[in-house]
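Listed below, chain by chain, are the residues.
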2 protein chains.
Amino acid sequence: MDATTTAPPALDLLCVNTIRTLSMDGVQRANSGHPGTPMALAPLGHRLFTRHLKHDPAAPDWADRDRFVLSCGHASMLIYSLLHLSGYEVSLDDLRNFRQLHSPTAGHPERGEVPGVEFTTGPLGQGVSSAVGMALAERMLAAHFNVDGHEIVDHRTWVLASDGDLMEGVAQETASLAGHLALDKLTVFWDDNRITIDGTTDISFTEDTAARYESYGWQVLRLDDVDDLEAIDGVVAEAIADTARPTLVVTRTHIGIGSPRQDTPQAHGEPLGAENVKLTKQAYGWPEDSEFLVPDEVRTAYAEVGERGAAAGQAWDEAMDAFRAARPELAEEFRRRMHGELPDGWADALVAESFEDAGAAATRQSSGQAINLVAPKLPELVGGSADLAGSNLTTITDAGDVSATDYSGRNLHYGIREHAMGAITNGLHAHGGVRAFGGTFLIFSDYMRPAIRLAALQGLPSIFVFTHDSVYLGEDGPTHQPIEQLASLRAMPNLLVLRPAEANETLAAWKVAIEQRDRPVAFALTRQKLAPFTYGGESKLAGAEVARGGYVLREATGGTPDVIVVASGSEVHLALTAAARLEEDGTPTRVVSMPCQELFLEQPREWRDAVLPPHVRARVSVEAGATFGWERFVGDAGETVGIDRFGISAPGDQAADALGINVDAVVSAAHRALATVHAGPGMEL
Amino acid sequence: MDATTTAPPALDLLCVNTIRTLSMDGVQRANSGHPGTPMALAPLGHRLFTRHLKHDPAAPDWADRDRFVLSCGHASMLIYSLLHLSGYEVSLDDLRNFRQLHSPTAGHPERGEVPGVEFTTGPLGQGVSSAVGMALAERMLAAHFNVDGHEIVDHRTWVLASDGDLMEGVAQETASLAGHLALDKLTVFWDDNRITIDGTTDISFTEDTAARYESYGWQVLRLDDVDDLEAIDGVVAEAIADTARPTLVVTRTHIGIGSPRQDTPQAHGEPLGAENVKLTKQAYGWPEDSEFLVPDEVRTAYAEVGERGAAAGQAWDEAMDAFRAARPELAEEFRRRMHGELPDGWADALVAESFEDAGAAATRQSSGQAINLVAPKLPELVGGSADLAGSNLTTITDAGDVSATDYSGRNLHYGIREHAMGAITNGLHAHGGVRAFGGTFLIFSDYMRPAIRLAALQGLPSIFVFTHDSVYLGEDGPTHQPIEQLASLRAMPNLLVLRPAEANETLAAWKVAIEQRDRPVAFALTRQKLAPFTYGGESKLAGAEVARGGYVLREATGGTPDVIVVASGSEVHLALTAAARLEEDGTPTRVVSMPCQELFLEQPREWRDAVLPPHVRARVSVEAGATFGWERFVGDAGETVGIDRFGISAPGDQAADALGINVDAVVSAAHRALATVHAGPGMEL
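Bear in mind that the values here come from a model prediction, so they are computed numbers and not experimental data.

Novice: I keep staring at the overall build of chain A and nothing clicks. Help me out?
Specialist: Helix and strand counts for chain A come out as 27 helices and 20 strands. Its C-alpha radius of gyration of 28 Å places chain A within 12% of the 26 Å reference for a compact globule of 685 residues. Here the C-alpha coordinates of chain A stretch approximately 90 × 60 × 45 Å along the principal axes. Classification of the 685 residues of chain A by burial places 69% in the buried group. At a minimum sequence separation of 6, the contacts of chain A that also span at least 24 residues come to 78%. Accessible surface computed for chain A: about 20500 Å², of which carbon and sulfur atoms make up 48%. Charge separation in chain A, taken as the distance between the mean sites of 54 positive and 95 negative side-chain charges, equals 2 Å.

Novice: Teacher, can you tell me more about helix H1 (residues 10–30) of chain A here?
Specialist: Residue pairs spaced three or four apart in an α-helix point in one direction, given the helix's 3.6 residues per turn. Residue and element names in this part refer to chain A. Counted at 1.5 Å a residue, the expected span for H1 with its 21 residues is 30 Å, and the 30 Å between its end C-alpha atoms agrees. In terms of burial, H1 is largely enclosed, as 15 of its 21 residues are buried. Once H1 ends, the next one or two residues include Asn31, with phi positive near 55°.

Novice: Help me understand the pairing of strand S9 (residues 381–385) of chain B, please; the structure alone is not making it clear to me.
Specialist: Along any regular strand the residues' side chains alternate between the sheet's two faces. All names here are of chain B. Counting buried residues in S9 gives five out of five residues, a clear majority hidden from the surface. Across the two faces of S9 the burial is the same, with Leu381, Gly383 and Ser385 and Val382 and Gly384 all buried. Bridge analysis of S9 against strand S11 (residues 435–441) gives five bridges, and the strand direction is parallel. By the bridge assignment for S11, Ser385 is matched with Gly439. Sheet topology places S9 next to strand S10 (residues 411–413); three bridges connect them, and they run parallel.

Novice: Any chance you could explain the interface of chain B and chain A here in plain terms?
Specialist: Much of the literature gives interface size as the accessible area that the parts lose upon coming together. Facing 111 residues of chain B, the contacting portion of chain A comprises 111 residues. Here chain B is connected to chain A by six salt bridges. Where Arg453 of chain A meets Glu484 of chain B, a salt bridge forms, and the shortest distance between an N and an O atom there is 2.8 Å. Taken together, the connections running from chain B to chain A amount to 46 residue pairs in polar contact (both at pLDDT 80 or more). Tallying contributions element by element places helix H7 (residues 169–180) of chain B first for the side of chain B that touches chain A, with six residues. A per-class count over the side of chain B that touches chain A returns 45 nonpolar, 36 polar and 30 charged.

Novice: Where do I start with the side chain of Arg139 of chain B in this structure?
Specialist: Note that Arg139 of chain B resides in helix H5 (residues 126–145). Among the polar contacts made by the side chain of Arg139 of chain B, one reaches the side chain of Glu138 of chain B at a distance of 2.7 Å.

Novice: I would appreciate a short explanation of the nonpolar core in the present structure.
Specialist: The tendency in soluble globular proteins is for nonpolar side chains to be buried side by side. Judged by nonpolar contacts, the single largest core of 158 residues is most densely connected at Leu136 and Leu428 of chain A together with Leu136 and Leu428 of chain B. Residues in contact with Leu136 of chain A, not counting those within four places in the same chain, are Leu181, Leu183, Val402, Tyr407, Leu412, Ile424 and Leu428 of chain A. If you look at the next biggest cluster of nonpolar residues, it comprises 80 residues, including Val471 and Ala655 of chain A together with Val565 and Val663 of chain B.

Novice: Looking at this structure, I do not really get the pattern of salt bridges. What am I missing?
Specialist: Pairs may arise between side chains of opposite charge once their charged atoms sit close together. Tallying each qualifying case throughout the model produces 75 salt bridges over all chains. Close ionic contact of Glu571 of chain A with Arg499 of chain A constitutes a salt bridge, the shortest N to O distance being 2.7 Å. With Glu571 of chain A in helix H22 (residues 571–584) and Arg499 of chain A in the loop between strand S13 (496–498) and helix H20 (503–515), the pair connects residues that are 72 residues apart, well separated along the chain. When sorted by exposure, Glu571 of chain A lands in the same class as Arg499 of chain A, which is buried. The salt bridge involving Asp12 of chain B is made with Arg47 of chain B; its shortest N-O contact spans 3.7 Å. Of the two residues, Asp12 of chain B is situated in helix H1 (residues 10–30) and Arg47 of chain B in helix H2 (residues 36–52); the sequence distance between them amounts to 35 residues. Just as Asp12 of chain B is buried, Arg47 of chain B falls in that class too.

Novice: What am I meant to see in the sheet that holds strand S3 (residues 186–192) of chain A here?
Specialist: Strand pairing in a sheet takes place through backbone hydrogen bonds and is either antiparallel or parallel in direction. All names here are of chain A. The sheet built from five strands is open, its strands ordered S1-S2-S3-S7-S6 with parallel pairing. Each edge of the open sheet carries a strand with a single partner, namely strand S1 (67–70) and strand S6 (219–223). Neighbouring strand axes in the sheet, compared pairwise and without regard to direction, differ in orientation by 15° on average. In the sheet, strand S2 (residues 157–161) pairs with S3 via five bridges, with the strands oriented parallel.

Novice: Explain the environment of Leu574 of chain B to me, please; I cannot follow it from the model alone.
Specialist: Mapped onto the fold, Leu574 of chain B is located in helix H22 (residues 571–584). Sequence separation between Leu574 of chain B and Val622 of chain B is 48 residues, and the spatial gap between their C-alpha atoms is 8.1 Å.

Novice: Got a minute to help me understand the sheet that holds strand S17 (residues 563–567) of chain B in this structure?
Specialist: Residues and elements named next belong to chain B. Here we have five strands laid out as an open sheet, ordered S16-S18-S17-S19-S20, and mixed in their pairing. The open sheet has two free edges, formed respectively by strand S16 (551–554) and strand S20 (639–641), since each of these has just one partner strand. Adjacent strand axes in the sheet meet at a mean angle of 30° when their direction is disregarded. Summarising the sheet, S17 and strand S19 (residues 619–622) pair through four bridges and their orientation is parallel. If you follow Ala567 over to S19, its bridge partner there is Val622. In this fold H22 packs onto S16, S17, strand S18 (589–593) and S19, with an angle of close to 175° to the strand it touches most, S18. Against the sheet, helix H27 (residues 663–679) contacts S17, S19 and S20, and its axis sits at roughly 170° relative to S20.

Novice: How should I be thinking about the packing of H2 of chain B against helix H3 (residues 76–86) of chain B in this particular structure?
Specialist: Angle between the axes and distance between the axes are the two parameters that describe a pair of packed helices. Residues and elements named next belong to chain B. H3 packs onto H2 with a crossing angle of 35° between their chain directions and a minimal axis gap of 10 Å. In this structure, H2 meets H3 at a crossing whose hand is right-handed. Seen from H2, the contacting residues are Pro38, Leu41, Ala42, Gly45, His46 and Phe49; seen from H3, they are Met77, Leu78, Leu82, Leu83 and Ser86. Across the contact of H2 with H3, the residue classes tally to eight nonpolar, three polar and no charged.

Novice: Quick question: what am I supposed to make of the relation of the copies chain B and chain A here?
Specialist: In this structure, two copies of a chain are linked by a rotation about an axis accompanied by a shift along it. Structural alignment of chain B on chain A gives an RMSD of 0.0 Å, achieved by rotating through 180° and translating 0.0 Å along the axis. Taken together, the rotation and translation relating the two chain copies correspond to the operation of a two-fold axis. Relative to the rotation axis, the C-alpha of Gly169 of chain B is the closest in chain B, positioned 1.8 Å from it. Most of the interface of chain B is mirrored in chain A: 100% of its interface residues are interface residues there too.

Novice: Even after reading the chapter, I still don't get unusual backbone geometry, so can you show me in this structure?
Specialist: Glycine aside, residues mostly have negative phi, and peptide bonds are mostly found in the trans state. Residues and elements named next belong to chain B. Even without being glycine, Asp387 reaches a positive phi, approximately 65°. Along the polypeptide, Asp387 turns up in the loop between S9 and helix H16 (389–392). At His468, a residue that is not glycine, the phi angle is positive and equals roughly 55°. Position of His468 relative to the elements: it lies in the loop between strand S12 (463–467) and helix H19 (485–490). On the basis of relative accessible area, His468 is assigned to the buried category, the value being 6%.

Novice: Looking at this structure, how should I read the packing of aromatic side chains?
Specialist: Describing an aromatic ring pair means giving the distance of the ring centres and the angle of the ring planes. Inspection of the entire model under this criterion finds 31 aromatic pairs over all chains. Each ring, one from Tyr213 of chain A and one from Trp218 of chain A, has its centre 5.0 Å from the other, and the planes form 85°; the classification is edge-to-face. Both residues of the pair, Tyr213 of chain A and Trp218 of chain A, belong to the buried class. Their ring planes at 10° and their centres at 6.0 Å tell us that Phe464 of chain B and Phe466 of chain B sit as a pair that is stacked. Its relative accessible area of 0% is what places Phe464 of chain B among the buried residues. We classify Phe466 of chain B as buried; its relative accessible area is 0%. Taken together, Trp62, Phe145, Trp316 and Phe334 of chain A form an aromatic cluster joined through their ring pairs. For Arg156 of chain B, the ring lying beneath its charged end belongs to Trp158 of chain B, and the centroid distance is 5.4 Å.

Rules behind the numbers
Residues numbered from 1 in each chain as written. Chains lettered and ligands numbered in written order. Predicted model: local features only at pLDDT ≥ 70, side-chain atom pairs only at ≥ 80, totals over all residues. Heavy atoms only, no water. Helix = DSSP H or I, 4+ residues; strand = E, 2+ residues; numbered from the N terminus. Rg over C-alpha atoms; globule rule 2.2 N^0.38 Å. Buried < 20%, exposed > 50% of the residue type's maximum accessible area, 1.4 Å probe, protein only. Contact = heavy atoms within 4.5 Å. Areas by Shrake-Rupley, 256 points an atom, 1.4 Å probe, with all protein chains shown as cover. Lys, Arg positive; Asp, Glu negative; His and termini not counted. Charge placed at Lys NZ, Arg CZ, Asp CG, Glu CD. Expected span 1.5 Å × (residues − 1). Pairing = 2+ DSSP bridges. Salt bridge = Lys/Arg side-chain N within 4 Å of Asp/Glu carboxyl O. Polar contact = N/O pair within 3.5 Å; in protein donor to acceptor, adjacent residues only side chain to side chain. Nonpolar A, V, L, I, M, F, W, Y, C, P; charged D, E, K, R; others polar. Core = buried A, V, L, I, M, F, W, Y, C linked by side-chain atoms within 4.5 Å. Axes fitted to C-alpha atoms, helices over the stretch in contact; angles between N-to-C directions. Left-handed = near helix turned anticlockwise from the far one by under 90°. Least-squares fit on C-alpha atoms with pLDDT ≥ 70 in both. Phe/Tyr/Trp six-rings, centres within 6.5 Å; stacked < 30°, edge-to-face > 60°. Lys NZ or Arg CZ within 6 Å of the ring centre and 35° of its normal.

Following this line, the structure appears as structure tokens:
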């Protein structure tokens with residue numbers, strides 16, 4: 001243990017070595033994992049969990065708990081060990097079953113699998129970035145709920161982050177925003193171990209990271225020896241004392257400390273090996289043949305975590321009682337929002353609205369209307385744009401901006417940082433108490449895919465408002481025209497892609513979006529104006545149908561279709577025109593509007609078969625994007641009308657037409673499909 | 001023109017105002033585009049193109065030209081105007097047809113459409129990031145070719161970048177690398193106009209950007225008035241003088257300068273309007289009713305650009321002659337590499353290798369072998385990994401690392417910066433003279449999608465080596481297990497996704513990859529070991545078949561299949577086992593290996609029908625990923641075996657089995673498909 005200049009007191013050292021040996025044993029038994037970082041960060045984790053974190057292991061969802069994010073998710077045995085010792089529902093058997101089938105102790109910590117894991121981490125840069133969202137949620141909720149001397153929202157966000165976390169672009173975007181927004185209750189410990197997988201960090205990382213964070217407006221502190229527990233207390237005190245800036249603590253550590261592999265890349269991502277485990281335990285003065293050993297003294301010491309947590313929780317409960325007595329409505333709003341419940345009648349304004357007689361409007365406009373129709377009833381609805389608010393139409397009217405000096409607004413300005421927006425939107429939801437949306441052009445969804453995926457993976461209901469959803473955006477050209485983005489998003493599990501066709505569908509889609517509790521939603525909205533549907537002259541809103549993903553918008557004359565044209569978004573209008581042409585020529589044609597493939601595929605067979613009857617095999621899909629994935633709906637005899645190349649810079653209608661998105665193409669495709677059906681079975685590519 | 005403190009000399013002012021008015025007119029006529037930034041940056045563009053850039057408009061592909069990247073691609077009228085005036089093949093009619101159908105002057109500048117456009121820009125952060133790759137290519141080629149006093153590679157890379165460029169994470173990643181690699185011949189002018197679309201920059205961007213770049217190891221200079229042409233000369237001289245660091249020039253500008261919309265967001269992304277155009281021309285002392293006016297004096301002044309360029313080109317030609325005389329082989333290698341030609345016999349070692357009798361190997365291992373088999377014959381092959389070289393197996397043996405003090409190596413260390421790797425790989429190819437690959441886990445392809453797309457869009461043959469390509473990677477769990485990534489990549493136009501099944505296919509796939517000249521390639525390679533195919537006992541390499549995308553690996557007994565199982569990568573082995581089981585039960589079964597869907601779909605109908613005969617409708621696809629897109633190959637009667645949910649942390653085989661990737665699932669699916677065929681036509685979802 002040469003590297004340790006300051007040995008902790010005996011009991012603390014025992015605790016620290018317990019965490020270290022549990023981590024080693026977990027990885028060794030799984031024969032897979034990352035032992036070195038949990039060993040190195042054990043003193044910091046120990047000190048935070050026992051002294052500084054405000055948390056109650058018996059109430060892991062307590063609203064005013066501190067948030068702790070292990071951004072270096074590969075060090076998962078660290079948090080599992082800490083949670084186990086602290087009394088969360090993580091058993092010693094769970095530690096023994098690290099990385100095994102059906103065990104909650106997955107290779108990387110997963111929110112929802114293990115109480116106390118606030119955010120699923122592993123993809124580097126995401127945890128530290130979404131933590132910015134958590135710290136922001138705390139400030140926004142405090143601004144809204146802490147009134148008349150009641151301080152019911154007052155907690156901190158703690159992050160342990162690796163070199164990789166800080167190198168990733170998303171973390172740089174969010175760090176800049178955290179500084180801009182002066183999120184002082186955010187503290188990031190950077191595990192400065194000077195080792196990455198490929199060698200020492202200096203092969204690729206020689207910037208002055210401390211100076212970089214100072215340039216973002218952060219306080220930067222140094223913890224030169226992570227084993228010095230009092231020094232940890234010191235930097236924590238300094239972090240808390242700075243009420244104007246977030247804090248980065250440059251934390252010097254030694255990966256795999258005490259093991260023969262200390263300070264080498266080998267300590268990062270593979271088990272130490274049985275022999276090295278023994279040697280390391282010897283170096284720790286640990287029984288070398290023990291496994292998953294937790295000394296009684298350590299159990300006793302950690303029991304205090306629960307006691308301290310229970311006391312803190314009780315104090316907060318009392319504060320909450322007082323708040324409830326003084327401000328019952330606000331207290332109820334807090335409870336409701338933290339539970340993710342919607343208030344009665346929240347959607348009334350959406351449902352009451354009808355656009356049948358309105359003029360044409362882009363679905364991005366209808367989306368902006370939807371946001372502002374529900375915003376008065378849903379104070380938790382907040383959001384913003386990556387510098388395209390005027391194009392995405394994501395501004396909540398008269399709700400004010402969030403800034404470093406005033407967190408009471410509801411509009412967020414992300415700058416030109418789409419990935420940060422995705423990660424922060426996720427962090428806002430992981431914190432709870434807010435429902436957040438983030439807007440940009442659909443093409444730039446590519447910049448934030450890792451964040452979208454993490455929302456889907458851990459079931460966060462982030463709402464992504466993607467506008468300018470096809471080549472119809474026009475002159476900006478192929479760099480800005482989405483082609484494969486719809487298919488790419490639809491391929492992702494647990495994500496709803498909503499592409500409404502006009503105003504009524506857009507409002508209904510927003511209702512669907514806000515009702516989601518455990519999955520994210522991606523809107524695809526038009527730049528160009530579209531006429532509202534009349535729904536056959538009846539005053540019928542699209543609500544229920546949109547929630548079913550796809551529905552019969554226009555039945556074939558006579559009620560028995562020869563051909564079905566299925567489309568989404570703006571191309572539903574093209575489908576209607578094509579259907580009229582086909583019917584003129586004597587072909588009974590049904591038009592199916594399919595704003596959400598995922599919801600449609602979730603419907604019972606009766607619904608699906610009623611909308612797309614199996615015996616009607618002449619089908620055409622129309623969408624101004626990649627045809628990829630539409631084969632599922634049109635089948636062997638069917639045809640897809642779409643764009644399987646990059647776009648073209650020209651006025652929108654001309655661009656689409658030149659790329660084959662036009663009525664002629666749909667009519668021709670319908671004739672081809674009919675011919676195929678008449679030719680009988682068989683499948684050609 | 002109040003903001004101009006230093007009026008340029010009269011002739012220069014005339015030139016600058018020509019650029020400004022051409023830009024205004026182009027946008028106004030298109031009634032679409034971004035006038036304000038070209039107007040603001042006109043003096044800088046003018047001075048660079050006429051004084052500082054080493055370029056020859058008559059030879060836009062001259063190998064040793066300076067590279068100029070307009071990273072703020074929305075300011076496209078600036079580069080179009082400059083190229084037109086300088087004598088590139090951009091006509092006044094092209095300017096008049098800005099953003100119109102079939103015009104080369106697209107909304108954002110597109111490489112290949114307009115000579116002189118080095119990189120397709122528009123998605124912010126990409127141009128300035130890929131410029132780092134260009135500057136790196138220059139240093140690497142100089143290290144290799146500049147010998148014995150011959151300096152045939154000696155040029156600079158110039159970038160104009162916006163606020164958005166510098167906010168984007170990818171630009172922060174690449175800036176850190178550019179500083180680390182001491183790319184001193186890279187100069188970035190940051191258009192510090194203090195305006196973004198949503199307002200003044202201070203709503204989201206208050207960091208000290210200059211300090212941030214200093215922390216990366218850049219020289220930071222200030223150009224307080226972009227209209228001061230001599231000050232431009234000054235910062236250029238300082239940038240050139242610093243031979244240890246890249247340079248950022250904080251360039252204070254006024255968006256929409258001289259117009260009634262100066263210094264407002266409105267000047268950014270919409271035409272000024274006819275009236276404002278007139279008023280602005282008045283302010284410039286310009287004939288207010290003129291359109292696309294280029295005064296004769298300006299024509300004369302710009303003629304010098306061509307003369308200077310021709311002289312520079314001639315000087316270089318002479319240097320090249322001397323080099324050729326002294327070092328004929330090296331000179332020929334330079335010519336060949338800059339033309340993207342492959343040397344004779346480059347693939348001999350790949351083709352000669354056979355693994356029929358070898359042991360099992362992961363395809364990532366075979367990929368590493370392939371790289372090292374061709375590397376000796378292909379000195380242009382360079383590459384690296386985003387800190388996973390030991391896992392991606394991307395190291396070129398004995399070739400050395402590229403570092404700030406030695407650019408002669410061939411191995412690049414990107415750190416944990418996948419997006420930077422993608423952008424730099426693109427920049428290396430856009431520069432020319434190198435063939436570059438970049439490696440990471442398949443899951444992290446999500447981090448670099450915007451870069452992959454820009455490679456596909458502009459036809460750069462970037463090679464992305466994605467390993468750990470399925471849930472078989474095991475214990476790292478769902479955060480690391482790709483599911484939708486294969487489908488998402490396949491949905492992208494002009495990208496080949498290569499997922500070979502074993503060693504022979506992997507070598508053949510590398511041959512395909514290196515032969516691409518105008519599209520990128522994404523490999524999907526296994527972590528787990530796979531046995532080499534015996535190809536029916538014959539010594540038959542997979543080469544030709546892999547190039548066709550899909551082929552019959554195992555014919556049904558008797559030659560007439562009842563069922564076809566089509567699979568890619570590691571699941572081809574599962575398909576073979578399932579086929580053996582099906583045949584035991586009396587079902588003649590063909591196995592099709594499909595390492596590349598895109599190549600297969602490009603084959604003539606005869607090949608496709610021979611591999612997947614239309615009358616054999618009982619088909620099953622198997623891939624350990626999203627089924628999305630496989631319907632194209634299995635059709636209505638077919639079945640897909642795949643994973644349409646997120647993964648699970650467990651040893652790889654157990655994880656796959658638990659997720660339904662096993663022989664039983666394939667056999668059952670085959671029986672279902674046979675039953676469907678027997679039931680007759682009709683399509684159910």
